[in-house]
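Understanding the architecture of this molecule
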There are 2 protein chains.
Amino acid sequence: MEDAKNQSAARATGSATEPGLGLADELPGGRARPKTGKSEQTRAVILETAMRLFQERGYDKTTMRAIAQEAGVSVGNAYYYFESKEFLIQGFYDRMTHDHAEDATVRMRGVKDFSDRLEIALISWLDTAAEYHEFAAQFFRTAADPDSSLSPFSNESHPARATAVALFREVLDGSDLAPKLDAELAELLPDLLWLHLMVVVLYWVFDRTPDTERTREFVRRSTPVAARVLGLSRYRVFRPIVRDAKSLIQDFILPTIGRTAVK
Amino acid sequence: MEDAKNQSAARATGSATEPGLGLADELPGGRARPKTGKSEQTRAVILETAMRLFQERGYDKTTMRAIAQEAGVSVGNAYYYFESKEFLIQGFYDRMTHDHAEDATVRMRGVKDFSDRLEIALISWLDTAAEYHEFAAQFFRTAADPDSSLSPFSNESHPARATAVALFREVLDGSDLAPKLDAELAELLPDLLWLHLMVVVLYWVFDRTPDTERTREFVRRSTPVAARVLGLSRYRVFRPIVRDAKSLIQDFILPTIGRTAVK
DNA sequence: ACCCGCTTTTGAACATGTTCAAGGTCGGCT
DNA sequence: AGCCGACCTTGAACATGTTCAAAAGCGGGT
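Calculation rules
Residues numbered from 1 in each chain as written. Chains lettered and ligands numbered in written order. Predicted model: local features only at pLDDT ≥ 70, side-chain atom pairs only at ≥ 80, totals over all residues. Heavy atoms only, no water. Near = heavy atom within 4 Å. Polar contact = N/O pair within 3.5 Å; in protein donor to acceptor, adjacent residues only side chain to side chain. Helix = DSSP H or I, 4+ residues; strand = E, 2+ residues; numbered from the N terminus. Nonpolar A, V, L, I, M, F, W, Y, C, P; charged D, E, K, R; others polar. Contact = heavy atoms within 4.5 Å. Buried area = accessible area lost by both parts, 1.4 Å probe. Salt bridge = Lys/Arg side-chain N within 4 Å of Asp/Glu carboxyl O. Domains from an automatic or database assignment.

Per an unreviewed UniProt entry, chain A carries the name Transcriptional regulator, TetR family and comes from Actinacidiphila alni.

Next comes the structure, spelled out in structure tokens:
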């Protein structure tokens, strides 16, 4: 559990932040390394090829040899840029998060009702992720490993989560519910709504209905309930229970998922 | 996603129900097959050996070759009894569920307060699972695969879940809370509490504190909140929201997790 | 005793993720 | 030009889960 971290690894760092179309024109005369751009390009080719093959054949059926061959490089070269096969998934993760945030923002424009905004954000995720549902299960298995850096919670260095949480902050802030809420609670909500998305994702992964219609219905049904619970939270009677829930979330949930926004 | 199910597999069926000490003395002159007991014994030896090695070295570090060698059989023979390496995990799963139910029942004896009973049941699970925490992560990754028959929800043929749900029914029924609850809600609760356990398990898998102290604290803090929410549910004001939540659970949660008790 | 068919067992072969020592490329320095 | 060192690239070798055709028990019918 504490080993296997000292081989030739330690390469394949950073990047993975670009949605996929980067060509490294930026920072022409960078820090201290020449950075011909050639290297970045090789990396990009490998990633693009992998993502395409994953989508065409699924994760398990896509071999590293096939990726290397299609990308026109050697197997070892792929490993020079990506620590393991799993790390190639990161590409999807980042791209999806980016696309989702963009799409949801557009769709929410003009909508004020919190429940509606939340539903839009979640449905938007389902639409964005739709084309990957086929092999999402295999990808999910990997993401569930706490030791993997691909785990949605835990493991720092995940700007994707920050992007997603920011989106949910927008869901809340742009709604008519925001001004009515307790400030402290409002502070926790973006992370909590992201957690709601994680639950939806879990549901979605297991969903085998056509077009994941069941998950969509689940979203349509659960968002109004969530909205209603939040709406009620400001009444006096609930003061104590809201306090409990808040501290529970603050002390035990957020610290575990990477405290994106907490101070 | 729909293939690889027609090879030499289809063996390695049933069983996996015994906590581990079965020797097949029962049913001496069984149905139609001789069933020397030899076969069952080989299977048992392989399973026991595998479980021991998993515990000693972890899941990934235990090779099928090592299991076979230690068990004194050939690799192929292990595959004759177990469809894959993952299926060996089932042994743990079943044993733990059994031990947990037994231990929790004893510990709850005499305790009436619902919150206390729930806490006992959950802490009991943590104690039962403690020795496996080391390699639980690796096991968890497998369990997260919707296509795997080891997934805690979905995939029928899991008596373990029924056992666990029955335990939580006992948690509720033996408490002072039971008579105060709406009958319909009470019917859903066992499954819901089992879901609570699943959340705790998720938390536990990611928990790296000594003796998983953080998870224990999480349990101690979350059970009173759960109890309070349930206690409140019988008041009139909440009628509508309870109704919403109930139908949400009934229509979307339970059917997905294998409707252990629903009718 | 012998053969038949079934279950059980074997071990070599296969597939695929991963490693690694060796070599190649390239920009700059002398 | 020629060399240096860092960065890239290669492909064979390795580790391990899995398959499969063949062989080895084994029980009963003749």
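What follows continues from the structure just given.
What about the protein's contact with DNA strand C?
The environment of DNA strand C is made up of 18 residues, and the closest members are Met64(A), Arg65(A), Tyr79(A), Ser74(B) and Tyr81(B). Sugar plus phosphate, as a fraction of atoms of DNA strand C within 4 Å of the protein: 58%. A distance of 3.2 Å is found between a sugar or linking oxygen of DNA strand C and a side-chain nitrogen or oxygen belonging to Asn77(B). With four residues, the top contributor of residues to the surface near DNA strand C is helix α3 (residues 75-81) of chain B. Looking at the surface near DNA strand C residue by residue, the classes come out as six nonpolar, nine polar and three charged.

Observations regarding the interface of chain B and chain A
Often the size quoted for an interface is simply the accessible area lost on bringing the parts together. Taken together, the contact pairs 40 residues of chain B with 40 residues of chain A. Taken together, the two surfaces of chain B and chain A that pack against each other cover about 3,800 Å², and 67% of this comes from carbon and sulfur. Across the contact surface, chain B and chain A share six salt bridges. With a closest N to O distance of 3.2 Å, Asp251(B) and Arg221(A) form a salt bridge. Where chain B meets chain A, there are twelve residue pairs in polar contact (both at pLDDT 80 or more). Mapped by element, the contributors of at least two residues to the side of chain B that touches chain A are α6 (133-143), α8 (183-206), α9 (213-232) and α10 (239-253) of chain B. Broken down by element, the side of chain B that touches chain A gets its largest block of residues, nine residues, from α9(B).

Observations concerning the domain arrangement of chain A
Residue and element names in this part refer to chain A. Along its sequence, chain A is carved into domain 1 (33-83) and domain 2 (85-256). Between domain 1 and domain 2, the C-alpha centre-to-centre distance is 31 Å. Taken together, the 15 residues of domain 1 in the interface contact 13 residues of domain 2. In total, domain 1 and domain 2 occlude about 1,500 Å² of area from one another, counting both sides; carbon and sulfur atoms represent 65% of this. Taken together, domain 1 and domain 2 are joined by two salt bridges. Put simply, arginine 95 and glutamate 48 hold a salt bridge, and the shortest N to O gap is 3.1 Å. At the junction of domain 1 with domain 2, the criterion picks out eight residue pairs in polar contact (both at pLDDT 80 or more). Those elements giving two or more residues to the side of domain 1 that touches domain 2 turn out to be α1 (38-57) and α2 (64-71). Of all the elements, α1 adds the most residues to the side of domain 1 that touches domain 2, at seven residues.

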